[in-house]
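# Secondary and tertiary structure notes
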Amino acid sequence: MITDCTTDVRGCQVFYQRGGKGEPLLLLHGLDGRPSWESVLSRLTERNDVIFPDHPGFGASSSGEWIDGMADLALFYLDVLDALQIETCHLAGHCLGGWLAAEIAVMQPQRIRSLSLCSAAGIRVDGSPMGDAFLWNPEETLCHLVVSQQARETMRAKQSSEGDLEFLLKARQMAARLAWYPRFHNPHLRKWLHRLTMPTLIQWGDSDRLFPEVYAHRYHEMIPHSQLKIYTDCGHIPMLDAPDLWLEDLKDFMARASA
C-alpha cells in the first residue's frame, strides 16, 4: 500500500508518497513531477521501501522560497533523509531529479547504496545542444519527450485536467529557479563525478530530444564503474515508453547492489 504523507523540513511542508518493504529507495522526479512515475511506482514497492516526494515548489509541497539552486535542493534532501531517519538508501532520479541525485551522491556518497540516473540533466556536452523545454508548448513537449502514441495520449489527458495544468505551471516556475541559467546543468559537476563510486546505473532513450543519447555516454565515461542501458525507440521518459524493460533493469540493478 502506498500512503500519502507530509513532513516539515526547515519550514517547508514536503508531500511524499511512501510504501513497500525492504531497503529505502528515494525517487526524485523530473520536470513534470510525479505523473511520469505513476505507472511503475507500485511495482517498485515490491522490493523496496519507496519514498517519493514532490520537490519544494512542485506538486503538493510548499515553495521553499529560500531554495535558490540545485546545491540548496541537494542539501535540503539530505535534511529530508535525516528527518525521516534514513541513514542509507538507494537513490534514483529522472531528468531534473537525475541531476539532483548526482549532486546529492557527490556530497555524501557514503549514504547512497546505489545510484540510478535516468535521462539526467546536470552536464553539458559540447557540440550536442540539449533541447529547451522552457520554450516548448505542451503539445511540443509531448512530441519531443515521448515516442509511444499511447504514452502521448496518457500525458495529453493529464494535461487537459485543470488541476494537473496548475501543478504543471507551478513546476515550470520552480524548474526555472533551479535550471534557467546555466540551462539544465552545473558546469562544476563534472569535476566531482569521480566521487560516485557506488554502483551506478544510467538509463536513457535513444530518441531523447531533451538530452540526446550522447549525454548518457558522457555520464558513463565520467562515473567510475557505471553501467549503461540504452532503450530503442524510446524518448526522454523510459518509464512511459519502455516501462517493463526499464523497470526490470532498475530492479535487477538494485538487487545486485544489495547482495
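Here we summarise the structure given alongside this text.

Attention shifts here to the overall build of the protein. A count of helical and extended segments in the protein gives nine helices and eight strands. Taking all 259 residues of the protein together, 55% fall into the buried category. Looking at the protein as shown, the accessible area adds up to about 11,100 Å², and 51% of this sits on carbon and sulfur atoms.

We now examine the sheet that holds strand β5 (residues 89–94). Spatially, the eight strands line up as an open sheet ordered β1-β2-β4-β3-β5-β6-β7-β8, and their pairing is mixed. Looking at strand neighbours, the two that pair on one side only are β1 (2–9) and β8 (227–231), the edges of this open sheet. Ignoring which end each strand starts from, the neighbouring axes of this sheet average 20° apart. By the bridge criterion, four bridges tie strand β2 (residues 12–19) to strand β4 (residues 48–53) in an arrangement that is antiparallel. Opposite Tyr16, over in β4, you have Pro53 as the bridge partner.

Quick look at unusual backbone geometry now. For the peptide bond that leads from Tyr181 to Pro182, omega is -10°, which places it in the cis range. Position of Pro182 among the secondary structure elements: in the loop between α6 (162–179) and β7 (200–205). With a phi angle near 55°, Gln85 is a residue other than glycine that sits in the positive phi range. Position of Gln85 among the secondary structure elements: in the loop between α2 (70–83) and β5. Given the relative accessible area of 71%, Gln85 is considered exposed. Even without a glycine there, the phi angle at His225 is positive, about 60°. Looking at where His225 falls in the secondary structure, it is placed in the loop between α7 (213–222) and β8.

Take the environment of Arg172 next. One can find Arg172 in helix α6. We classify Arg172 as partly exposed; its relative accessible area is 22%. Considering only alpha carbons, one finds Arg172 and Ala121, 51 residues apart in sequence, at a separation of 15 Å. The contacts of Arg172, once residues within four sequence positions are left out, are Ala133, Phe134, Trp136 and Thr141.

All right, on to the environment of Pro24 then. Locating Pro24 in the fold gives a position in strand β3 (residues 23–28). By relative accessible area, which is 18% here, Pro24 ends up buried. Sequence separation between Pro24 and Gln149 is 125 residues, and the spatial gap between their C-alpha atoms is 34 Å.

All chains considered together, the criterion is met by nine salt bridges. Here Arg34 ties to Asp54 by a salt bridge, and the two come within 2.6 Å at their closest N and O atoms. Taken together, the residues span a long stretch of sequence, with Arg34 in the loop between β3 and α1 (38–44) and Asp54 in the loop between β4 and α2 at a distance of 20 residues. Look at Arg34 and you get buried, because its relative accessible area is 18%. The partner of Glu221 in a salt bridge is Arg218, with the nearest N and O atoms 3.2 Å apart. With Glu221 and Arg218 both in helix α7, this residue pair falls three residues apart, about one helical turn. On the accessibility criterion, Glu221 (59% relative accessible area) is exposed.

The rules we used
- Residues numbered from 1 in each chain as written.
- Predicted model: local features only at pLDDT ≥ 70, side-chain atom pairs only at ≥ 80, totals over all residues.
- Heavy atoms only, no water.
- Helix = DSSP H or I, 4+ residues; strand = E, 2+ residues; numbered from the N terminus.
- Buried < 20%, exposed > 50% of the residue type's maximum accessible area, 1.4 Å probe, protein only.
- Areas by Shrake-Rupley, 256 points an atom, 1.4 Å probe, with all protein chains shown as cover.
- Pairing = 2+ DSSP bridges.
- Axes fitted to C-alpha atoms, helices over the stretch in contact; angles between N-to-C directions.
- Contact = heavy atoms within 4.5 Å.
- Salt bridge = Lys/Arg side-chain N within 4 Å of Asp/Glu carboxyl O.

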